[in-house]
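Residue-level listing of the chains:
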Amino acid sequence: MPEQTVTPGLKARVELTVTDADTAQAVGSGDVPVLGTPRVLALAEAATVAATARHLPPGTTTVGVRVELEHRAPTPVGRTVAAEARLDEVDGRRLVFTVTVDDGGETVAQGRVERVLLDRQRFVERACGAS
């Protein structure tokens, strides 16, 4: 695998305007019409991917392996939330991010996401061959 070029301090921010399709009712994580936790998690992961996307060595990718997420406040349909990820730690192939999701005035969620740097083609071949 080529030498990695990702370093602590990389950041990215991604936004989502909550629609009916993003609610706990729609994603099956509850029965209320507010932003569902699985969508919060997906947004948080998208921010971590964006933080390293332009810095990965050719032929590599990252995959999520561990998440700690505290979903602290409800977000209604129509409101925009933003997830910001910051790469805090690089330990070999292991990347640890801090993620905060806010709605412009309140922290909606916060946590840590751990990803692993790996050879993209080998990973896909192994995953597809395992079925």
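Everything that follows concerns the structure shown earlier in this document.
Reading the values: rules and limits
- Residues numbered from 1 in each chain as written.
- Predicted model: local features only at pLDDT ≥ 70, side-chain atom pairs only at ≥ 80, totals over all residues.
- Heavy atoms only, no water.
- Helix = DSSP H or I, 4+ residues; strand = E, 2+ residues; numbered from the N terminus.
- Expected span 1.5 Å × (residues − 1).
- Contact = heavy atoms within 4.5 Å.
- Salt bridge = Lys/Arg side-chain N within 4 Å of Asp/Glu carboxyl O.
- Buried < 20%, exposed > 50% of the residue type's maximum accessible area, 1.4 Å probe, protein only.
- Pairing = 2+ DSSP bridges.
- Axes fitted to C-alpha atoms, helices over the stretch in contact; angles between N-to-C directions.

Draft legend 1. Layout of helix α2 (residues 37-52). The end-to-end C-alpha distance of α2, which contains 16 residues, comes to 23 Å, matching closely the 22 Å that a straight helix rising 1.5 Å per residue would cover. Its buried side turned inward, α2 meets β1 (11-17), β2 (60-71), β3 (80-91), β4 (94-102) and β5 (107-119).

Draft legend 2. Geometry of the pattern of salt bridges. Under the defined criterion, the tally for this structure stands at 9 salt bridges. Taking the shortest distance from any N to any O, the salt bridge between Arg79 and Asp103 comes out at 3.2 Å. With a gap of 24 residues between them, Arg79 in the loop between β2 and β3 and Asp103 in the loop between β4 and β5 connect regions that are remote in the sequence.

Draft legend 3. Spotlight on the side chain of Thr75. Mapping Thr75 onto the fold places it in the loop between β2 and β3. By relative accessible area, Thr75 is classed as buried at 0%. Setting aside its immediate chain neighbours within four residues, Thr75 contacts Val18, Val34, Leu35, Val81 and Val108.

Draft legend 4. Region of interest: the sheet that holds β1. On the basis of which strands lie adjacent, the open sheet formed by 5 strands has the order β1-β3-β4-β5-β2 and antiparallel pairing. With one partner strand each, in any of the chains shown, β1 and β2 form the two edges of the open sheet. Neighbouring strand axes in the sheet, compared pairwise and without regard to direction, differ in orientation by 25° on average. Where β4 lies against β5, 9 bridges are found, and the strand directions are antiparallel. Residue Val99 lies in a different strand from β5, and its bridge partner there is Gly111. Of the strands in this sheet, β1, β2, β3, β4 and β5 are in contact with α2, which crosses β1 at around 145°. Each of β2 and β5 is contacted by helix α3 (residues 120-129), which is oriented at about 95° to β5, the strand it contacts most.

Draft legend 5. Examining the pairing of β3 more closely. Note that β1 and β3 share 7 bridges and pair antiparallel. Within β3, the residue paired with Lys11 across the bridge is Arg86. As paired strands, β3 and β4 are joined by 9 bridges and run antiparallel to one another. Residue pairing for β4: Ala85 is matched across the bridge by Val99. Hairpin connection, β3 to β4: the antiparallel pair is bridged by 2 residues, and Gly92 has positive phi, about 65°.

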